[in-house]
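Coordinate inspection notes
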Amino acid sequence: MLSERMLKALNEQLNKELFSAYFYLGIAAYFKEKGFDGFASWMEAQAEEELGHAMRFYDYIFNRGGTVELERIEKPKQDFESPLKAFEAVYLHEIGVTQSIFKLVDLAEEEKDRATYQFLQWFVEEQVEEEANTKAIVDKLKIIGDSPNGLFMLDRELGARKAGLRNLLTQNGP
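Residues numbered from 1 in each chain as written. Predicted model: local features only at pLDDT ≥ 70, side-chain atom pairs only at ≥ 80, totals over all residues. Heavy atoms only, no water.

This part takes up helix α2 (residues 37–63). In this model, α2 (27 residues) spans 39 Å end to end at C-alpha, consistent with the 39 Å of a helix rising 1.5 Å per residue. After α2 finishes, the residue Gly65 shows a positive phi value of roughly 80°. (Helix = DSSP H or I, 4+ residues; strand = E, 2+ residues; numbered from the N terminus. Expected span 1.5 Å × (residues − 1).)

Rendered as structure tokens:
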């Protein structure tokens, strides 16, 4: 069984992960409107990944005998000055998620909840990857600046990452 504090904290993180999906989808919409389909594709894939993270928390809470508490999801920002500003917002968001995961790890240690501590290790590793990936894109965008050719090439590169859930959900019959 989860303690009340741990259950509350896990539910808060579940809702943060759902917001993250919404956050990425909002940025994907921004990029779609600007004609950056590759950047949008990357963000859509990221939104799906965040939904997967939320589902890990959802399942874990139930597996430990807890109750899931879904909250209202805040409206995300959908307007940015540039692709660089959008990806800087993503990078800062991921740093915030990392800090939130670290607080959960600290709570699991404090409560000697070894199962939750072990569960959270996947997220610790995932956040290292998330921060590194977004930081690398920010660094590339800083080098590119306002170069249309550079933006086009990076848009095409990031477009290689495709969201898969939409294809599953929109398939027509057998």
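From this point on, the discussion continues.
Inspection of the entire model under this criterion finds 17 aromatic pairs. Taken together, a centroid distance of 5.4 Å and an interplanar angle of 75° make the contact between Phe23 and Tyr24 edge-to-face. Taking the relative accessible area as the measure of exposure, Phe23 reaches 8% and is therefore buried. We classify Tyr24 as buried; its relative accessible area is 0%. Site record: aromatic cluster; members linked through ring pairs are Phe19, Phe23, Tyr24, Tyr30, Phe31, Phe36, Phe39, Trp42, Phe80 and Phe87. Lying across the ring of Trp122, Arg56 places its NZ or CZ 3.6 Å from the centre. (Phe/Tyr/Trp six-rings, centres within 6.5 Å; stacked < 30°, edge-to-face > 60°. Buried < 20%, exposed > 50% of the residue type's maximum accessible area, 1.4 Å probe, protein only. Lys NZ or Arg CZ within 6 Å of the ring centre and 35° of its normal.)

Time to look at unusual backbone geometry. Phi is positive for Lys112, which is not a glycine, with a value near 55°. With respect to the helices and strands, the residue Lys112 is situated in the loop between α3 (83–110) and α4 (114–144). For Lys112, a relative accessible area of 58% puts it in the exposed group.

Attention now moves to the nonpolar core. Counting residues in hydrophobic clusters, the biggest one holds 24 residues, and the most contacted among them are Ile27, Phe31, Phe39, Met43 and Phe87. Breaking this core down by element, the ones donating at least two residues are α1 (4–34), α2, α3, α4 and α5 (148–158). The leading source of residues in this core is α1, at seven residues. Not counting residues within four places of it along the chain, the set of residues in contact with Phe87 comprises Phe31, Phe39, Trp42, Met43, Ile137, Val138, Leu141 and Leu158. By size, the runner-up hydrophobic cluster in this structure holds 21 residues, among which are Leu2, Ala9, Ile61 and Ala108. (Core = buried A, V, L, I, M, F, W, Y, C linked by side-chain atoms within 4.5 Å. Contact = heavy atoms within 4.5 Å.)

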